[in-house]
Amino acid sequence: DARAALVNQFHPFHELKIGIGFRSTQIFQDRLHIHNDDYAQQFLWQTDVTPLQFNAYIQDKIEFLGMVANVGVRFDYYTPNGPHPDVQRTLEYDTNLEIVNSFLEVEDSLIGSFPMITPEAKIYLSPRIGISFPITINSKVYFNYGHFVQMPQPEAMYFSTAAKGNRLQWLGDPTLTYQTSINYELGYDQNVYDLFQFHIGAFYKDYSDRESGIVYAHSDQSIVLESAVQRENQEIRGLDIEFRRSYGQWVTGFINFNITQKSTSNLEVPNVSQIPVITDNPSIGTNGELRGVPRPIISEITPYGRGVVTVRTPVNWGPQVWDYPILHKTALSFGLFYSGSRFTEHPDESFRNQHPDVKFYTIPYFSSNLRISRNFEISTLGSMELYLDISNLLVSKYRTAIPNTKDYYDDLFANGKTDKVGSEDVSNPLILRTESDVLYAGQHRIYVLGFRFNL
């Protein structure tokens with residue numbers, strides 16, 4: 001992994017940034033897992049790849065009459081670097097056993113006679129623009145636009161899982177390409193009497209070519225193999241509100257409130273599979289592929305809140321012992337988190353098919369953490385900070401241990417409480433019985449005492 005960057009203020013109104021990066025990753029595994037100590041259930045994980053990545057970017061920061069604009073472009077290059085198994089040719093075989101034997105038949109080699117492919121290198125240019133305009137001395141509006149990419153997980157592209165003597169259960173697809181997102185953001189910032197900063201922004205993110213799953217299968221199921229594909233798309237839109245106090249003698253911190261709505265493409269094949277299926281019969285579905293109607297699933301608007309509020313004592317403040325202020329440079333930081341009601345599904349597929357319009361929602365959840373810290377000057381070269389972290393200081397009651405989930409959801413539905421998931425508001429308390437010691441989210445409070453040196 002190597003990176004280099006250069007920043008040059010070559011003009012009073014222009015600052016140039018240039019950077020490059022290179023990464024070579026070796027992914028190797030050749031291991032055996034015996035399921036439940038049963039030697040008849042042996043699973044082989046085998047991978048041997050060395051993909052290469054390269055990126056470069058150039059950006060000009062333009063400042064003129066208070067306006068600030070960042071205009072740039074990023075170049076990304078990715079190559080799987082060599083031949084890899086071609087999962088898209090699995091249906092040329094007749095049975096699962098033929099596939100797994102061809103994949104493992106050569107000793108001292110990870111790949112036997114299974115068909116190979118040398119994928120083309122992936123290239124993407126990402127434009128990025130950010131513009132900020134002052135309205136008054138205390139307020140501004142801004143707009144950001146940019147493309148962002150990342151490759152799918154290595155498991156999706158390269159990993160293989162074989163049940164020895166049975167079938168190849170998973171085989172990655174090395175032809176997968178970049179997952180992309182196009183982001184827009186429009187916002188407004190206001191300084192309120194030098195007490196705090198107020199921010200409000202609207203954003204939209206369009207995700208395409210997202211990593212998802214697919215099944216390769218003969219119509220008689222003599223072959224069933226799962227792999228990765230890029231069919232899923234997602235949209236996220238929302239509103240972001242924040243109050244921030246960056247400077248202050250006593251209190252600093254921020255409180256952020258975020259409201260989002262998500263829509264995700266749905267390619268489920270009803271009563272067949274949760275992911276699309278590619279078959280060997282072109283008369284089935286669309287050219288041999290079974291997939292659901294690509295309709296969006298619109299989840300309900302979900303509010304989130306988070307924040308950190310820090311109370312810090314000034315230097316030389318407080319009571320003194322032998323002329324030493326024992327409480328100065330002491331800080332209490334409260335971390336806050338809130339999640340509003342979230343959409344969830346009944347765990348039983350038959351219920352979902354019978355009641356497609358019934359939706360379940362979790363109860364809101366709140367948690368908080370506390371850090372107590374004290375800074376000590378130990379020399380002219382640095383200082384030491386002593387701190388105590390307390391997680392889950394205050395936590396709302398949210399039930400996570402529900403052994404009979406179907407009965408639990410059925411009970412909520414029968415009593416008109418589909419918005420109470422996570423509560424104990426059920427008609428039959430026996431549904432909640434569990435042998436687990438951990439019943440609630442954030443049930444355990446954790447204490448960490450530590451110190452750090454700051455040079």
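Residues numbered from 1 in each chain as written. Predicted model: local features only at pLDDT ≥ 70, side-chain atom pairs only at ≥ 80, totals over all residues. Heavy atoms only, no water.

Visitor: Would you take a moment to explain the overall build of the protein for this structure?
Guide: When helices and strands are tallied, the protein shows 4 helices and 28 strands. Its C-alpha radius of gyration of 28 Å places the protein more than 25% over the 23 Å reference for a compact globule of 455 residues. Its C-alpha atoms put the protein at 85 × 70 × 45 Å along the principal axes. Sorting the 455 residues of the protein into buried and exposed places 36% on the buried side. Across the protein, the fraction of contacts at a sequence separation of at least 24, relative to all contacts at a separation of at least 6, is 65%. For the protein, the computed accessible surface area is about 26,500 Å², with 56% contributed by carbon and sulfur atoms. (Helix = DSSP H or I, 4+ residues; strand = E, 2+ residues; numbered from the N terminus. Rg over C-alpha atoms; globule rule 2.2 N^0.38 Å. Buried < 20%, exposed > 50% of the residue type's maximum accessible area, 1.4 Å probe, protein only. Contact = heavy atoms within 4.5 Å. Areas by Shrake-Rupley, 256 points an atom, 1.4 Å probe, with all protein chains shown as cover.)

Visitor: Would you take a moment to explain the nonpolar core for this structure?
Guide: One broad rule of soluble globular proteins: the nonpolar side chains tend to lie buried together. Of all hydrophobic cores here, the largest spans 17 residues; its most connected members are I99, F114, L168, L171, Y216 and L225. For this core, the secondary-structure elements that each account for two or more residues are α1 (96-104), β12 (167-171), β14 (196-217) and β15 (224-245). In terms of residues, this core owes the most to one element, α1, which gives 3 residues. I27, M151, L176 and A228 belong to the second largest nonpolar core, which has 12 residues in total. (Core = buried A, V, L, I, M, F, W, Y, C linked by side-chain atoms within 4.5 Å.)

Visitor: Honestly, the pattern of salt bridges in this entry has me stumped. Any pointers?
Guide: A side chain with one charge may pair with a side chain of the opposite charge, provided their charged atoms come close. A complete count under the given rule lists 13 salt bridges for this structure. Here E289 makes a salt bridge to R231, at a shortest N to O gap of 2.4 Å. Note that E289 is positioned in strand β18 (residues 289-290) and R231 in strand β15, a separation of 58 residues in sequence. Judged by relative accessible area, E289 falls into the buried class, the value being 10%. The exposure class assigned to R231 is partly exposed, which follows from its relative accessible area of 25%. For the salt bridge of K406 with D410, the shortest nitrogen-to-oxygen distance reads 2.9 Å. Here K406 pairs with D410, and both are found in helix α4 (residues 405-414), just 4 residues apart, close to one helical turn. Look at the salt bridges and you will find they share partners, linking K397, R399 and E424 into a network. (Salt bridge = Lys/Arg side-chain N within 4 Å of Asp/Glu carboxyl O.)

Visitor: Hey, could you run me through the environment of D86 in this one?
Guide: Counting through the fold element by element, D86 comes out in the loop between β7 (84-85) and α1. On the basis of relative accessible area, D86 is assigned to the buried category, the value being 8%. Taking the C-alpha atoms as reference, D86 lies 8.7 Å from T118; in sequence the two are 32 residues apart. Not counting the four nearest positions on each side in its chain, D86 is found in contact with F114, P115, M116 and I117.

Visitor: Mind showing me how you'd approach the packing of aromatic side chains here?
Guide: Ring pairs (aromatic) are described by centroid distance and by the angle formed between their planes. Applying the stated rule across the entire model yields 15 aromatic pairs. Ring centres of Y124 and Y178 lie 6.3 Å apart, and the angle between their planes is 65°; on these two criteria the pair is classed as edge-to-face. Highlighted residues: Y124 in strand β9 (residues 122-136) and Y178 in the loop between β12 and β13 (179-192), separated in sequence by 54 residues. Among the aromatic residues, those joined into a ring-pair cluster are F351, F360, Y408, Y409 and F413. Lying over the aromatic face of F203, K205 brings its terminal NZ or CZ to 5.7 Å of the ring centre. Note that R371 overlies the ring of Y387, its terminal NZ or CZ placed 4.3 Å from the centroid. (Phe/Tyr/Trp six-rings, centres within 6.5 Å; stacked < 30°, edge-to-face > 60°. Lys NZ or Arg CZ within 6 Å of the ring centre and 35° of its normal.)

Visitor: I'm lost on α4 in this one. Help?
Guide: Residues spaced three or four apart along an α-helix point in a common direction, a consequence of the helix completing one turn every 3.6 residues. Buried residues of α4: Y408, Y409, D411 and L412, and no others. Each buried residue of α4 sits inside an arc of 155° when the element is viewed along its axis, so together they form one side. Contacts made by the buried residues of α4 are with β24 (343-344) and β25 (360-361). Just downstream of α4 lies G416, where phi reads positive at about 65°. (Arc of directions from axis to C-beta.)

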